[in-house]
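Structural characterization, general
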Amino acid sequence: IYQGIRYHHIMDSERGMPVYNGIIGVTIVTSDGTLSDILSTSVFCMGAKKGMDYAVSKGAKCLIIMDDGTYYLSESFDVKIAEEGYTKADINAAS
């Protein structure tokens, strides 16, 4: 955190600064750990809508967490967010 702004290590190559698009976390599940790592960084850089579409097109399960507390889940990501008690239906209805 510098001057009240939290920075991270994923850089925007056009600006030379960390990516800021409202995403604070991405979880990708595939059968290949390397692919999951590549996709999570890609999704983070692309933004929520484009990133989700891309992850799904690659057959991945995807969870995107936004800085306002909203979550986006791919259809294949059938989980319960334990801390808040939200189900996928609750999250999708709110978005």
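Now for a look at the structure at hand. Remember, predicted model here, so these are calculated numbers, not experimental data. Residue indices begin from 1 for each chain and proceed along its sequence in written order. The model is predicted, so local features are restricted to residues of pLDDT at least 70 and side-chain atom pairs to those at 80 or more, both for listing and for counting; the totals for chains, interfaces and linings are taken over all residues. With hydrogens and water set aside, each side-chain value is computed from the structure's full complement of heavy atoms.

So, the sheet that holds strand E5 (residues 71-73)
Put simply, the rule reads: For two strands to be treated as a pair, DSSP must find at least two bridges joining them. Comment: elements are numbered from the N terminus, with helices defined as DSSP H or I runs of at least four residues and strands as E runs of at least two. Between N-to-C directions, angles span 0 to 180 degrees; the directions come from axes that are lines fitted to C-alpha atoms, helices contributing only their stretch in contact. Contacts: residue pairs with any heavy atoms within 4.5 Å of one another.
The three strands lie next to each other as E3-E4-E5, forming an open sheet whose pairing is antiparallel. Each having just a single partner strand, strand E3 (23-29) and E5 make up the two edges of the open sheet. Each strand of the sheet is rotated relative to its neighbour by a mean of 10°, with strand direction disregarded. Of the strand pairs in this sheet, E3 and strand E4 (residues 61-66) are connected by six bridges, and their pairing is antiparallel. Considered in E4, the bridge of Val26 is made with Ile64. The strands touched by helix H2 (residues 48-57) are E3, E4 and E5; relative to E4, the strand with the most contacts, the crossing angle is about 165°.

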